[in-house]
Amino acid sequence: MSKNLSKKDIKVLGLSSLGGTLEFYDFIIFVFFASYISKNFFPENLSPFWQMFNTYGIFAAGYLARPLGGIVMAHFGDKFGRKKMFMLSILLMVIPTFLLAFIPTYESIGYLCIVLLVFVRICQGIAIGGELPGAWVFVFEHAPKGQKRTYLGILTASVVGGILLGSFVFLMMNKFFTQEELYEWAWRIPFFLGGIFGIISAYLRKFLRETPVFEQMKKDKALEKFPLKEVFKKAKLGVVLSMLITWVLTACIVVMILIIPSFMAKMLNINASVQTYIQMLGIVVLVIGCILSGILADKIGIVKACVIFSLGFFLTCLFYFNALYTKTPDFNTVSVYYLSACFFAGVMNFCPLMMSEVFDAKIKFSGLSFSYNIAYALAGGFTPQLALFLHTIALENLGNIVRFSLGFYMLAMAIISLLAALMFKYLSNTQRTYSQ
């Protein structure tokens, strides 16, 4: 195995990762500036609660559109090429994000602004549904043998880095602008920047080549007419495995990165800026975990590496939730255990690692995208509400074992990732998994 990356490798990995970072930034930045958007896009006589509720409802529209985008784009990606869909996904994200920086407010055009906002979120959802599965397939099929899992780890880490970029931009915006300026006009700047960077990234992707795997299949006339049909015919267990490990990925992102920091802030009595710094540190540690899990999987195999990260995640979550859900949680102890759990949350990287290998090349994009997007839409739909419900129960039972309510959910995710490792081993032994 060559340890040095060639110029071609650097270009493929660099541009794919950059695009993934920027696309996830464009998708998630909406959450950071939700309060500013709600104030500008809904009637003033609407209560603050309903303004925010409607804004998050529009944000959810992006999640609902993900499966549609992922399935349709994957179908054409398996038929006409990975690169074409790779280009389409970033354009579908960049153009609406850029437009969001210029959409007039409710005061100017009334309810039409809400229609445009929904349209933007649907386009972004379609784009993100095709982008990440497309990027995983593209990088996997370009990566040299013996380094594929490392490449996927770096790519997944870069996508998580999109959340970090969003957090950093939010901090900078609050540092350089007053709240009045942000509500009036400055909230548009992050979307404008996302559009500009995305356009640059889309231009640079023009210089990427189609994957050698797809080129060979095209030359051999081995392409499927209806790839998704073949997925259900030949790879049902692969779909089940992929959905299970996607559930783990969803929990790691939604609970550990997006939700838990706000719970910690209230329990530890820390201000919003300290909360954001802890959240950003958690993302940095998770990025490292994703990269190292990929490297480890190349060294000792997916199954062994997944078992190590699953057990690590189980133990660190056990210590973390035990330290957090007490009557007098200690800031330093909770922070150390939180960062440790975030590192082992790198177990989420086994989602693309396993999915990229359980589907044959002819149906890889369709199988991976269908499984990932359907599972993420389902799990992403109920996880925030479930986490809040379990957190509330835990707070009411700090004196008994019920205080582990949310902790039990995350421990279950560690067990599911162990189950996924066993399923992957079984599939590897009983059916042909694709490797270049």
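A brief report on the enclosed structure follows. What you see is a predicted model; the values in this text were computed from it and never measured. (Residues numbered from 1 in each chain as written. Predicted model: local features only at pLDDT ≥ 70, side-chain atom pairs only at ≥ 80, totals over all residues. Heavy atoms only, no water.)

**A few points about the overall build of the protein**
- What the protein contains, in helices and strands, is 18 helices and zero strands.
- Over its C-alpha trace the protein gives a radius of gyration of 21 Å, about what one expects of a compact globule, namely 22 Å for 436 residues.
- C-alpha extents for the protein along the principal axes are approximately 65 × 55 × 40 Å.
- Burial analysis of the protein (436 residues in total) assigns 57% to the buried set.
- Residue pairs in contact within the protein that sit at least 24 positions apart in sequence constitute 85% of those at least 6 positions apart.
- When the accessible surface of the protein is split by element, carbon and sulfur atoms take 70% of a total near 18200 Å². (Helix = DSSP H or I, 4+ residues; strand = E, 2+ residues; numbered from the N terminus. Rg over C-alpha atoms; globule rule 2.2 N^0.38 Å. Buried < 20%, exposed > 50% of the residue type's maximum accessible area, 1.4 Å probe, protein only. Contact = heavy atoms within 4.5 Å. Areas by Shrake-Rupley, 256 points an atom, 1.4 Å probe, with all protein chains shown as cover.)

**Some remarks on the side chain of Thr105**
- Along the chain, the position of Thr105 falls in the loop between α4 (82–100) and α5 (106–109).
- Dropping the residues within four chain positions of it, Thr105 is found in contact with Asn40, Gly110, Cys113 and Arg188.

**What to know about a nonpolar patch on the surface**
- On the surface, Phe102, Phe192, Leu193, Ile196, Phe197 and Ile200 cluster together into a nonpolar patch covering about 520 Å² of accessible area.
- On the secondary structure map, Ile200 appears in helix α9 (residues 189–205). (Patch = residues over 30% accessible without salt bridge, like charges linked within 9 Å, V, L, I, M, F, W, Y side chains within 5 Å. Salt bridge = Lys/Arg side-chain N within 4 Å of Asp/Glu carboxyl O.)

**Re the pattern of salt bridges**
- Throughout the structure, instances matching the rule amount to three salt bridges.
- With its nearest N and O atoms 3.0 Å apart, the salt bridge here joins Glu357 to Arg149. Of this pair, Glu357 sits in helix α16 (residues 350–358) while Arg149 sits in helix α7 (residues 148–176); the two residues are 208 residues apart in sequence, bridging distant segments of the chain. As far as the burial class goes, Glu357 and Arg149 line up, both buried.
- Between Lys233 and Glu230 there is a salt bridge; the shortest N-O distance is 3.6 Å. Remark: Glu230 and Lys233 occur in helix α11 (residues 227–234); sequence separation between them is three residues, near one turn of the helix.
- Assessed through its relative accessible area of 52%, Lys233 is described here as exposed.
- Classification of Glu230 by relative accessible area gives buried; the value is 11%.
- In this structure, a network of salt bridges that share partners links the residues Glu230, Lys233 and Lys234.

**Let's talk about the environment of Tyr106**
- By secondary structure assignment, the location of Tyr106 is in helix α5.
- A residue is classified by how much of its surface remains accessible, and Tyr106, at 23% relative accessible area, is partly exposed.
- Residues Tyr106 and Pro43, spaced 63 residues apart in sequence, show a C-alpha to C-alpha distance of 6.7 Å.
- Sequence-distant contacts of Tyr106, defined by excluding residues within four places in its chain, comprise Asn40, Phe41, Phe42, Pro43, Tyr111 and Cys113.

**So, the packing of aromatic side chains**
- Following the criterion strictly, the structure yields 26 aromatic pairs and no others.
- Both rings, one in Phe41 and one in Trp187, keep their centres 5.8 Å apart while their planes meet at 80°; by these two values the pair is edge-to-face. With a gap of 146 residues between them, Phe41 in helix α2 (residues 34–41) and Trp187 in the loop between α8 (179–184) and α9 connect regions that are remote in the sequence.
- On the basis of an interplanar angle of 50° and a centroid distance of 5.6 Å, the ring pair of Tyr320 and Tyr338 is categorised as tilted. One end of the pair, Tyr320, is in helix α14 (residues 302–324); the other, Tyr338, is in helix α15 (residues 331–344), with 18 residues separating them in the sequence.
- The ring of Tyr183 has Lys39 lying over it, and the distance from NZ or CZ to the ring centre is 5.9 Å. (Phe/Tyr/Trp six-rings, centres within 6.5 Å; stacked < 30°, edge-to-face > 60°. Lys NZ or Arg CZ within 6 Å of the ring centre and 35° of its normal.)

**A closer look at the nonpolar core**
- Ranked by size, the top nonpolar core spans 107 residues in total, and within it Phe313, Phe321, Phe350, Met354 and Met410 carry the most contacts.
- Broken down by element, this core gets its largest block of residues, 20 residues, from helix α12 (residues 236–268).
- Apart from the residues within four sequence positions on either side, Phe313 is in contact with Cys252, Met256, Ala341, Phe344, Ala345, Val347, Met410, Met413 and Ala414.
- Phe33, Tyr36, Cys113 and Ile114 belong to the second-largest nonpolar core, a separate cluster that totals 24 residues. (Core = buried A, V, L, I, M, F, W, Y, C linked by side-chain atoms within 4.5 Å.)

**Describing α15**
- With 14 residues, α15 ought to run about 20 Å at 1.5 Å a step, and its terminal C-alpha atoms sit 20 Å apart, in line with that.
- In this structure, the buried residues of α15 make contact with α12, α13 (272–300) and α14. (Expected span 1.5 Å × (residues − 1).)

**Here we look at the packing of α14 against helix α18 (residues 405–430)**
- Taken N-terminus to C-terminus, the directions of α14 and α18 make an angle of 170°; their axes are 9 Å apart at the nearest point. By the angle between their axes, α14 is roughly antiparallel relative to α18. Along the contact surface, α14 presents Ile302, Val303, Cys306, Val307, Ser310, Leu311, Phe313, Phe314, Cys317, Leu318 and Phe321, while α18 presents Leu406, Gly407, Met410, Leu411, Met413, Ala414, Ile415, Ser417, Leu418, Ala421, Phe424 and Lys425.
- Residue classes in the contact of α14 with α18 are distributed as 19 nonpolar, three polar and one charged. (Axes fitted to C-alpha atoms, helices over the stretch in contact; angles between N-to-C directions. Parallel < 35°, antiparallel > 145°, perpendicular 65-115°, else oblique. Nonpolar A, V, L, I, M, F, W, Y, C, P; charged D, E, K, R; others polar.)

**Considerations on the environment of Ile416**
- Within the element layout of this structure, Ile416 appears in helix α18.
- Residues within four places of Ile416 in sequence aside, it is in contact with Leu244, Trp247 and Val248.

**Considering the packing of α12 against α13**
- The interhelical angle for the contact between α12 and α13, taken along N-to-C directions, is 155°, at an axis separation of 9 Å. It follows that α12 is roughly antiparallel to α13 by the angle criterion. You can see that α12 and α13 cross each other, and the crossing is right-handed. Across the interface between the two elements, Ile253, Ile257, Leu258, Pro261, Ser262, Met264 and Ala265 of α12 pack against Gln275, Ile278, Gln279, Gly282, Ile283 and Leu286 of α13.
- A class-by-class count of the residues in the contact of α12 with α13 yields nine nonpolar, four polar and no charged. (Left-handed = near helix turned anticlockwise from the far one by under 90°.)

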